[in-house]
Amino acid sequence: MTKIAFLDIKRMHDPLRGQLHRAALEVIDGGHYIGGEQVKNFEKEMASWMGAPEVCGVSCATFGLFAALKSFGIGPGDEVITTVHTAIATAEAIGLTGAQVVFCDLKPGYFFLDADEVERKITPRTKALIPVHLYGQPVELDRICALAKAHGLRVIEDCAQAQGARYGGRYVGLFGDAAVFSFFPSKNLGGFGDGGAVAMRDPERMRWLRMFCNHGRESKYLHEFEGINSRLDAIQAALLRVILPQVDRWNAARRSVAEWYGEELAGVSEVLRPADLPGTEPVYHVYVCLVPDREALRTELMRNGIESGVHYPCSLNTLPAFARLGQGKGCFPLAERACEHMLSLPMHPAMTRDEVRAVGGVIRKFYRGGKAS
Ligand SMILES: Cc1ncc(COP(=O)(O)O)c(C=O)c1O
C-alpha cells in the first residue's frame with residue numbers, strides 16, 4: 001500500500017535541493033546572520049512579486065499581526081473584530097495588545113467571516129477588522145473595506161494561509177491598510193522554520209514597525225523607543241528567495257489538485273466541497289470539505305495509507321483561552337458545526353492525479369457502505 005501524505009514538503013523541495021543548499025551555504029560561509037542583504041533582497045523581491053509598496057520580514061505572523069495592530073496605536077479599551085474560525089494566532093495578537101477580540105461567525109456556505117455580522121458588531125470602540133483568508137480562500141474584501149471606510153477602521157488582512165491568492169485579479173494583501181504573511185513551513189510560501197512578513201501602505205508606519213521589531217532603532221545604538229527583537233533571520237530570507245519564485249506555479253498546481261478532487265467527489269452527495277467566492281482565485285492552503293461520520297472516514301482513509309487533517313477541531317470561543325469572553329458552545333453555530341464536520345484532504349503542489357484518484361476512491365466506497373480495498 002502506498003502512503004499518501006497530507007503534505008509532502010520534501011517532494012516539493014526535491015527539484016530545488018541544489019539551489020537551497022547553495023543559498024544556505026552562502027549565508028553560513030558569508031558569516032552575516034542577522035539582517036543584511038539577504039533580508040533586504042527578500043523583502044524587495046516579495047514586495048515586487050505582490051506589487052506592495054514595502055514588505056518587512058518578521059519572526060512569525062503572530063508577531064506580525066501584533067506589530068501591525070500596535071503600529072495603528074491599538075491597545076487597551078479598543079475592540080478588534082475577526083473571525084472565530086481561524087488559527088489562534090489571529091486572536092492572540094489582538095489580546096496581546098490589550099485590546100478586546102470580538103468574534104464573528106462564518107458567512108453561510110463559506111469558511112470565512114460574515115460581513116453582515118461584522119457590521120452588526122461594530123461599536124464606537126472598534127478600531128480594526130482582521131479578515132482572514134483562511135485555507136487560501138479570499139474573503140469579501142470589497143465589503144470589508146467598505147465597512148472599514150464607512151466607520152473609520154483599519155483593515156489588517158491575515159494572509160498567513162493565502163500567499164498568492166487573488167481577489168478581483170489582484171493579490172490579497174493589497175486591499176487593507178496592512179497585510180501579514182506566515183512562512184511557517186507548511187504554508188504556501190513556506191520557509192525552513194518560523195518566519196513572517198508585514199506589508200503596509202503607509203511608509204511612516206512601516207518605518208515604526210521596522211524599528212519596533214529591532215529594539216526601537218534604525219542605527220545600532222540609537223534606540224528611539226523600546227521595541228523588541230522579532231526579525232526575520234538571514235538564512236531564512238536566503239532560503240525564501242529560492243521558494244518565492246515557485247509560489248505562483250505551486251499555487252496553480254494546488255488549484256489543479258482541487259479541480260481533480262472536484263471531479264472525484266462530484267457524485268458523492270455526503271461530501272460538501274469548498275465553495276469559492278466568485279471573482280476570486282483561491283490557493284487551497286488546505287482542501288477542506290464538510291463530511292458526515294468524519295472520524296470513521298478518517299480511520300478508513302488511514303487504513304488505506306491516506307493522511308488527513310482537521311483545521312480546526314475546536315471553535316476558538318469554546319477554548320479555555322477565551323473563556324473570559326463568556327461565549328461558550330452555541331454562540332457561533334456555523335463555525336462550531338464546521339469544526340465537527342470538517343476534514344482536510346491531502347493537498348500539496350506535488351500531488352499526482354493518481355493520488356487524488358486513490359483518495360476519491362476510498363471516500364466514494366466509504367459512503368457507499370463498503371470498505372475500500
Ligand atoms: C490564519 C493564521 N494566522 C496567523 C498564523 C500565525 O502564523 P505564525 O505561525 O507564522 O506565527 C497562522 C499560522 O498557523 C495562521 O494559520
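Residues numbered from 1 in each chain as written. Predicted model: local features only at pLDDT ≥ 70, side-chain atom pairs only at ≥ 80, totals over all residues. Heavy atoms only, no water.

Some remarks on unusual backbone geometry
As a reminder of what qualifies: Here a strand is any run of E in DSSP of at least two residues, a helix any run of H or I of at least four, and the numbering for each starts at the N terminus.
Of note, the bond from His 311 into Tyr 312 is cis; its omega dihedral lies within 30 degrees of zero at 15 degrees. Positioned with a positive phi, Asp 293 is a non-glycine residue whose angle comes to about 50 degrees. With respect to the helices and strands, the residue Asp 293 is situated in the loop between strand 13 (287-290) and helix 11 (294-303).

Let's talk about the site of the ligand
Inclusion rule: We call a residue near a given molecule or strand whenever any one of its heavy atoms falls within 4 Å of it. Within 3.5 Å is the distance limit for a polar contact, defined as a pair of N or O atoms, with the added protein rule that one can donate a hydrogen and the other accept it, and that residues adjacent in sequence qualify only through two side-chain atoms. The method behind every accessible area is Shrake-Rupley, applied with a 1.4 Å probe, and residues are considered shielded solely by the protein chains displayed. Polar here means any residue outside two lists: the nonpolar Ala, Val, Leu, Ile, Met, Phe, Trp, Tyr, Cys and Pro, and the charged Asp, Glu, Lys and Arg; Gly therefore counts as polar.
Ala 61, Thr 62, Asp 158, Gln 161 and Ser 182 are the nearest of the 15 residues found near the ligand. Measuring from a nitrogen atom of the ligand, one finds a side-chain N or O atom of Asp 158 at 2.8 Å. With respect to the ligand, the side chain of Ser 182 contributes an N or O atom lying 2.7 Å from an oxygen atom. Burial of the ligand by the protein chains amounts to 88% of its free accessible area of 390 Å². Breaking the shell around the ligand down by element, the ones donating at least two residues are helix 4 (61-71) and helix 5 (88-97). Split by residue class, the shell around the ligand holds seven nonpolar, six polar and two charged.

Some thoughts on the domain arrangement of the chain
Interface size is commonly expressed as the accessible surface area that is lost when the partners come together. In plain terms, the rule: Throughout the structure description, domain borders are defined by an automatic or database domain assignment. Two parts placed together each lose some accessible area; with a 1.4 Å probe, that loss summed over both constitutes the buried area. Between Lys or Arg on one side and Asp or Glu on the other, a salt bridge is scored when a side-chain nitrogen of the former is within 4 Å of a carboxyl oxygen of the latter.
The domains assigned to the chain are domain 1 (9-104 + 111-245) and domain 2 (246-367). Computed over C-alpha atoms, the centres of domain 1 and domain 2 are 25 Å apart. Taken over both partners, the interface formed by domain 1 and domain 2 buries close to 3400 Å², and the fraction arising from carbon and sulfur atoms is 62%. Among the residues domain 1 hides against domain 2, the three largest losses belong to Met 12, Tyr 135 and Asn 188. Together they make up 20% of the total. For Arg 11, the salt bridge goes to Glu 355, with nearest N and O atoms at 2.7 Å. Remark: the boundary between domain 1 and domain 2 carries 20 residue pairs in polar contact (both at pLDDT 80 or more). Elements with a contribution of two residues or more to the side of domain 1 that touches domain 2: helix 1 (9-13), helix 5, strand 3 (100-104), helix 6 (115-121), strand 6 (166-167) and helix 9 (234-243). For the side of domain 1 that touches domain 2, the element with the highest residue contribution is strand 3, accounting for four residues.

Regarding the layout of surface pockets
For clarity, the threshold we go by: Definitions used throughout: a 1 Å grid over protein atoms alone; a cavity as a set of points that fits a 1.4 Å probe which cannot get out; a pocket as an open set with protein on both sides within 12 Å along at least five of seven lines; a lining residue as one with an atom within 4 Å of a point. Grid points are joined across faces, edges and corners, and a volume is the space filled by probe spheres set on the points.
Size it by volume and the largest pocket reaches roughly 530 Å³. Forming the boundary of the largest pocket are 18 residues, of which Gly 35, Gly 36, Arg 210, Asn 214 and Arg 231 lie nearest the centre. For the lining of the largest pocket, the elements supplying multiple residues, two or more each, are helix 3 (37-50), strand 1 (55-58), helix 8 (203-212) and strand 10 (217-219). Tallied by class, the residues present in the lining of the largest pocket amount to six nonpolar, five polar and seven charged.

Some points on the packing of helix 3 against helix 9
For clarity, the cut-off: Angles here are taken between N-to-C directions and fall from 0 to 180 degrees, while the axes themselves are lines fitted to C-alpha atoms, restricted in helices to the stretch in contact. Our angle categories are set so that under 35 degrees counts as roughly parallel, over 145 as roughly antiparallel, 65 to 115 as roughly perpendicular, and the remainder as oblique. The handedness criterion is simple: a crossing whose near helix is rotated anticlockwise from the far helix by less than a right angle is left-handed, and one whose near helix is rotated clockwise is right-handed. Any two residues having at least one pair of non-hydrogen atoms within 4.5 Å are treated as being in contact.
The geometry of helix 3 relative to helix 9 is characterised by a closest axis approach of 8 Å and an angle of 40 degrees between their N-to-C directions. Judged by the inter-axis angle, helix 3 sits oblique to helix 9. As for the relative orientation of helix 3 and helix 9, their crossing is left-handed in sense. Counted together, Gln 38, Val 39, Asn 41, Phe 42 and Glu 45 of helix 3 and Ala 234, Ala 237, Ala 238, Leu 240 and Arg 241 of helix 9 form the full contact between these two elements. Its residues placed into classes, the contact of helix 3 with helix 9 shows six nonpolar, two polar and two charged.

Brief notes about empty space enclosed by the protein
A full pass over the atoms with the stated rule returns one cavity of 30 Å³ or more. Taken together, Ile 9, Met 12, His 13, Pro 185, Lys 187, Gly 190 and Trp 250 form the lining of the largest cavity. Looking at the lining of the largest cavity residue by residue, the classes come out as four nonpolar, two polar and one charged.

Notes on the environment of Glu 263
In this structure, Glu 263 sits in helix 10 (residues 247-265). Residues Glu 263 and Arg 357, spaced 94 residues apart in sequence, show a C-alpha to C-alpha distance of 9.1 Å. Among the polar contacts listed, one links the side chain of Glu 263 to the side chain of Arg 353, at a separation of 3.0 Å.

Here we look at helix 12 (residues 333-341)
Cut-off, in case you're wondering: Any residue under 20% of the maximum accessible area for its type is buried, any over 50% is exposed, and the rest in between are partly exposed; the area is computed with a 1.4 Å probe on protein chains only. Our arc is simply the arc of the directions from the helix axis toward the C-beta atoms.
Residues of helix 12 that are buried: Ala 335, Glu 336, Ala 338 and Cys 339. Burial along helix 12 is one-sided: seen end-on, the buried residues are contained in an arc of 160 degrees. Those residues of helix 12 hidden inside the fold are in contact with strand 13, helix 11 and strand 14 (342-345).

Here's the deal with the pattern of salt bridges
Tallying each qualifying case throughout the model produces 28 salt bridges. One salt bridge in this structure joins Asp 116 and Arg 143, with 2.8 Å as the shortest N-O distance. A residue pair is termed long-range when its members are at least 10 positions apart, and Asp 116 in helix 6 and Arg 143 in helix 7 (residues 141-151) qualify at 27 residues. A relative accessible area of 31% places Arg 143 in the partly exposed class. Close ionic contact of Arg 166 with Glu 281 constitutes a salt bridge, the shortest N to O distance being 3.8 Å. Here Glu 281 lies in strand 12 (residues 280-281) and Arg 166 lies in strand 6, a separation of 115 residues in the sequence. Take Glu 281: its relative accessible area is 31%, and that puts it in the partly exposed class. Three or more residues are tied together by salt bridges with common partners; here these are Glu 204, Arg 207, Glu 218 and Glu 224.

Things to note about a nonpolar patch on the surface
The following threshold applies: For patches, a residue must show more than 30% relative accessible area and have no salt bridge; joins then use 9 Å for like charges and 5 Å for nonpolar side chains, namely Val, Leu, Ile, Met, Phe, Trp and Tyr.
Together, Leu 25, Ile 28, Tyr 33, Ile 34 and Ile 235 make up a nonpolar patch on the protein surface, roughly 450 Å² of accessible area in all. Following the sequence through the fold, Tyr 33 ends up in the loop between helix 2 (17-30) and helix 3.

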